Amino acid sequence: MDFQWITESVGYFQGAVNIGYIKVSSKEGLLVDAGLDDQAMKKVLRHLGERELPLTHLFITHAHADHYGGAAYLQQKQVIHTFAPNLESAILENPILEPLYLFHGVYPLAHWRNKFLEGKPVRVDTIIMEEENLKVGEVSFKTIALPGHSYNQFGIIAEDIFFAADGYFGKESLDKHGIPFIVDATRTLASLEKIKSLPCKGAIPGHGSFEEDHVKTIDENIRVHKEIEQLVEENVRACKDGITLENLVALCCSEKAVVIKNAPSFMLFRTAISAYLTKLISEEKVDFAVKNNQLVVVSLSR
Ligand SMILES: [Zn+2]
């Protein structure tokens, strides 16, 4: 995990998941997300400690374990004021909610409660209710609502550098996932359009590298989402009598060369495919039906 400065006071630790750092003053510093686990946070603390860089505040963009898993360790080690968006904060405080919703409400088995799906509980001191200025000492930072990848994800702008969280993925990460995780396709696309028009000098995604010309990468994200949406719709239309949700997930994943390796991973892809379906349902292109006690998706276009 390497640290690099983008401006004199804004930088990030680049790893499988990025952690942002803003030196706010000689006494105050803000982390943007906390990494996957204790290990990631130990590296961050060592780096900042060696350089005598202050750390007093933490902003968690959304309640996915790879972004908040290191927060509990940080809170246990030192005094830290933690900000998180509304609703995401409920999951941060009760992290069992993520495996619970992925496994349609059934009490999750122990091995589904791994560090990738459930971090340690995080105390949230200030809940971000809407786009507002987040105050650290005398300095204010603008937060930007980016729903779609998660329910109420927020990004933040510091010195014209935009921390986009998982509002978009770097090209490599986008290719690796095949079908990126989302909970709402309509909002995902709206958030991507919004990022394109933000006045900033460059952006850092949660997974990928800082780019001054990030709009190219955003356009690629939009293209991928539209392509998957079309694939979902075509696969439903091709089955005259409807297709079960399970078969639709399997078909879309195969066509995107995704190999699902285990049950939790299946649940993540099922959520993403369902998120395109709710967009198509609201546009009256497809609908859910129950046939022979099976949940099927039927096409409404002729
Ligand atoms: Zn995420």
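I will try to describe carefully the structure that is included in this document. As the structure is a computational prediction, the values presented were derived from the model and not from experiment.

## Some remarks on the coordination of the zinc ion
Then, number 1: Distances from the zinc ion to its protein donors, namely H62 (NE2), H64 (ND1), H149 (NE2) and D166 (OD), fall within the range 2.1 to 2.3 Å.
Then, number 2: Taken together, the 4 donor atoms coordinating the zinc ion span angles of 88 to 176° at the metal, a pattern that classifies the geometry as irregular.
Then, number 3: All donors of the zinc ion come from a single chain, and their spacing in sequence reads H-x1-H-x84-H-x16-D. On the criterion of sequence distance, the pair formed by H62 in the loop between β5 (57-59) and α2 (65-68) and H149 in the loop between β9 (139-145) and β10 (154-158) is long-range, its members being 87 residues apart.

## Describing the pattern of salt bridges
Then, number 1: A full pass over the atoms with the stated rule returns 19 salt bridges.
Then, number 2: When the shortest N-O distance is used, the salt bridge between K115 and D37 registers 2.8 Å. Of the two residues, K115 is situated in the loop between α5 (97-102) and β7 (126-128) and D37 in the loop between β4 (29-32) and α1 (38-50); the sequence distance between them amounts to 78 residues.
Then, number 3: A relative accessible area of 41% places K115 in the partly exposed class.
Then, number 4: One salt bridge connects E233 with R237, and the closest N-O pair in it is separated by 3.3 Å. Residue E233 and its partner R237 are both found in helix α8 (residues 215-237); the two are separated by 4 residues, about one turn of the helix.
Then, number 5: Residue class for E233 comes out buried when judged on its relative accessible area of 13%.
Then, number 6: Under the relative-accessibility criterion, R237 is labelled partly exposed at 42%.

## A few points about the packing of helix α7 (residues 185-196) against α8
Then, number 1: Running from N to C, α7 and α8 cross one another at 165°; their axes reach a closest spacing of 10 Å. It follows from the interaxial angle that α7 and α8 lie roughly antiparallel. Two packed elements cross with a definite hand, and for α7 against α8 that hand is left-handed. Across the interface between the two elements, T188, L189, L192, E193, I195 and K196 from α7 touch V215, I218, D219, N221, I222, H225, K226 and E229 from α8.
Then, number 2: Residue classes in the contact of α7 with α8 are distributed as 6 nonpolar, 3 polar and 5 charged.

## Things to note about the nonpolar core
Then, number 1: Of all hydrophobic cores here, the largest spans 26 residues; its most connected members are I179, V232, L248 and L277.
Then, number 2: Ranked by the residues each element gives to this core, the list is headed by helix α10 (residues 263-282), at 7 residues.
Then, number 3: Look past the residues within four positions of V232 in its chain and what remains in contact with it is L248, C252, I273, Y276, L277 and L280.
Then, number 4: Listed in part, the 25 residues of the second largest apolar core include L31, V44, I91 and L92.

What counts as what
Per chain, residue numbering runs from 1 following the sequence as it is written. Residue-level local features of this predicted model are given only where pLDDT is at least 70; pairs of side-chain atoms are given and counted only at 80 or more, and the full residue set underlies all totals for whole chains, interfaces and linings. Only heavy atoms go into the side-chain values, all of them from the structure, while hydrogens and water stay out. Donor atoms: N, O and S within 2.8 Å of the metal, or within 3.2 Å for Na, K and Ca. Because water is excluded, sites can look incomplete. A four-donor site is classed as tetrahedral when every donor-metal-donor angle falls between 85 and 135 degrees; four donors are called square planar, and six octahedral, when trans pairs exceed 155 degrees and all remaining angles lie between 65 and 115, with any other arrangement labelled irregular. Strands here are runs of E lasting at least two residues and helices are runs of H or I lasting at least four, both read from the DSSP assignment and numbered beginning at the N terminus. When a carboxyl oxygen of Asp or Glu is within 4 Å of a side-chain nitrogen of Lys or Arg, the pair counts as a salt bridge. The rule is simple: take the accessible area with a 1.4 Å probe, protein chains only, and divide by the maximum for that residue type; under 20% is buried, over 50% is exposed, in between is partly exposed. Orientation is described by axes fitted as lines to C-alpha atoms, over the contacting stretch for helices, and by angles from 0 to 180 degrees between their N-to-C directions. Our angle categories are set so that under 35 degrees counts as roughly parallel, over 145 as roughly antiparallel, 65 to 115 as roughly perpendicular, and the remainder as oblique. Crossings are classed by handedness, with left-handed meaning an anticlockwise turn of the near helix from the far one by less than a right angle and right-handed meaning a clockwise turn. Pairs of residues are marked as contacts when any of their non-hydrogen atoms sit within 4.5 Å. Following the grouping adopted for this structure description, the nonpolar residues are Ala, Val, Leu, Ile, Met, Phe, Trp, Tyr, Cys and Pro, the charged ones are Asp, Glu, Lys and Arg, and the polar ones are all others, Gly among them. As used here, the term nonpolar core means buried Ala, Val, Leu, Ile, Met, Phe, Trp, Tyr and Cys residues forming a set that is joined through side-chain atoms within 4.5 Å.

By themselves, these figures tell us nothing about what the structure is for.
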